[in-house]
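Coordinates in review
Residue strings, one per chain:
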Amino acid sequence: MRKLTALVAGMTLAIAAIPAAAGVVIQQKQHVTSGTNARDSEQTISVQGNKQKMVTERHTIITDLDGGKMYVLDPKAKTYFEIAFPPQGQMATMMAASTNAAMNFKKAGSSREIAGFKCTDYNGGGHMMAGDYTVKECFSTTAPGAAEFAAFEKNMADKLKSAGTAGATGEVPGGVPLALDSSMKMGKVNIPGMSADQTAKINDMMAKRPPVMTSTVVEKIEAKKLADADFTVPADFTKRELPGPGSMMMKPGAMKMPPGAGAPAAAPAAAPAGAPSPAAH
């Protein structure tokens with residue numbers, strides 16, 4: 001009886017010693033240039049379990065993989081719209097192109113130390129709906145919350161496959177990206193419902209644009225327990241209708257780091273992405 005009591009007590013202590021599942025909070029700085037135009041911004045990406053939130057200067061994007069929803073919030077107007085996740089139709093096509101361009105990675109053969117943590121460089125890129133894209137990202141497996149972030153990325157990728165996302169051809173790094181440098185050269189676009197003359201004019205304008213260069217660096221990363229409320233739409237926000245697909249220029253990797261996941265910017269005037277990257281990959 002004493003042995004059983006001691007065993008139960010030991011198991012109780014062991015369970016109590018297991019830390020509660022923690023999330024990861026990533027603070028980033030981003031510099032975007034296109035010719036003589038430049039813009040600096042900051043964003044924060046939080047991940048816990050199957051939920052992610054990216055806060056930029058203009059929008060907040062919440063992705064709930066379990067609930068099958070993505071919410072794009074406008075904090076100033078206190079409005080939001082929601083998107084089914086994984087998406088369907090044209091939205092799925094755009095997200096697939098964005099994700100593939102951001103995940104086609106191969107080891108670059110170099111490493112760095114950023115925010116106090118070592119990371120390994122990977123080169124990637126490809127063609128997406130808006131043009132040609134190249135990127136170098138530095139991934140860390142030892143930074144706080146790296147495993148949590150990588151698990152979310154994998155779960156998101158698995159769900160996107162069900163929406164028709166083709167598999168990436170390169171190595172998909174584990175861990176969390178701590179730095180990103182990308183170049184995006186806008187190419188020909190095809191917007192449904194637009195006349196041939198209008199399309200030709202836009203494509204001519206795009207061809208004359210210099211590439212968009214994006215540099216994103218993590219300044220702080222920490223593992224911490226996050227409240228459920230951090231990943232919900234505030235009660236005083238008003239729901240509005242989803243904009244047309246043509247107005248949603250998805251950023252490569254926006255669902256990952258947008259430094260958004262999951263990410264590089266497509267253009268300074270692009271609509272919000274999540275988008276990504278992480279971070280936020």
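Check the entry above for the structure.
Since the model is a prediction, treat every value here as computed from it, not as a measurement.

Quick notes on the rules
- Residues numbered from 1 in each chain as written.
- Predicted model: local features only at pLDDT ≥ 70, side-chain atom pairs only at ≥ 80, totals over all residues.
- Heavy atoms only, no water.
- Helix = DSSP H or I, 4+ residues; strand = E, 2+ residues; numbered from the N terminus.
- Buried < 20%, exposed > 50% of the residue type's maximum accessible area, 1.4 Å probe, protein only.
- Areas by Shrake-Rupley, 256 points an atom, 1.4 Å probe, with all protein chains shown as cover.
- Contact = heavy atoms within 4.5 Å.
- Salt bridge = Lys/Arg side-chain N within 4 Å of Asp/Glu carboxyl O.
- Pairing = 2+ DSSP bridges.
- Expected span 1.5 Å × (residues − 1).
- Arc of directions from axis to C-beta.

Check the secondary structure of the protein chain and you find four helices and 12 strands. Within the protein chain, the proportion of its 281 residues that are buried is 46%. When the accessible area of the protein chain is evaluated, it comes to approximately 13700 Å², of which 56% is carbon and sulfur surface.

A few words on the environment of Tyr71. Its place among the elements puts Tyr71 in strand β5 (residues 69–74). Residue classification places Tyr71 among the buried positions, given a relative accessible area of 19%. C-alpha separation for the pair Tyr71 and Ile83, spaced 12 residues apart in sequence, amounts to 6.4 Å. Setting aside residues no more than four positions away along its own chain, Tyr71 makes contact with Thr60, Ile61, Ile62, Tyr80, Phe81, Glu82 and Val233.

Let us look at the pattern of salt bridges. A full pass over the atoms with the stated rule returns eight salt bridges. Among the salt bridges present, the one from Glu82 reaches Lys69, with a minimum N-O distance of 3.1 Å. Here Glu82 is found in strand β6 (residues 79–84), whereas its partner Lys69 is found in strand β5, with 13 residues between them in sequence. Given a relative accessible area of 22%, Glu82 falls into the partly exposed group. With a relative accessible area of 27%, Lys69 lands in the partly exposed category. When the shortest N-O distance is used, the salt bridge between Asp121 and Arg112 registers 2.6 Å. Of the residues examined, Asp121 reaches a relative accessible area of 3% and is grouped as buried. Several salt bridges converge on common partners, so that one network encompasses Lys69, Glu82 and Lys239.

In this section: the pairing of strand β2 (residues 37–48). Bridge count for strand β1 (residues 23–34) against β2 is 11 bridges, and the pairing is antiparallel. Bridge pairing links Lys29 to Glu42 in β2. The turn linking β1 back onto β2 is made up of two residues, and Gly35 within it adopts a positive phi angle of 65°. By the bridge criterion, five bridges tie β2 to strand β3 (residues 51–55) in an arrangement that is antiparallel. Its bridge partner being in β3, Thr44 is matched across the sheet by Val55. Once β2 ends, the chain turns through two residues before running back antiparallel as β3, passing Gly49 with a positive phi of about 60°.

When a strand is regular, its side chains alternate between the sheet's two faces. Of the pairings in the sheet, the one linking β1 to strand β11 (residues 212–224) comprises 11 bridges and is antiparallel in character. Looking at the pairing, His31 lines up with Ser215 of β11.

This part takes up helix α3 (residues 146–161). If you check α3, its first and last C-alpha atoms are 23 Å apart, about what 16 residues at 1.5 Å a residue would give, namely 22 Å. Within α3, burial applies to Ala146, Phe149, Phe152, Glu153, Met156, Ala157 and Leu160. Within α3, the buried residues cover an arc of 135° as seen down the axis, which keeps them to one side. Seen from the open side of α3, the exposed residues pointing more than 90 degrees away from its buried face are Ala147, Lys154 and Lys161.

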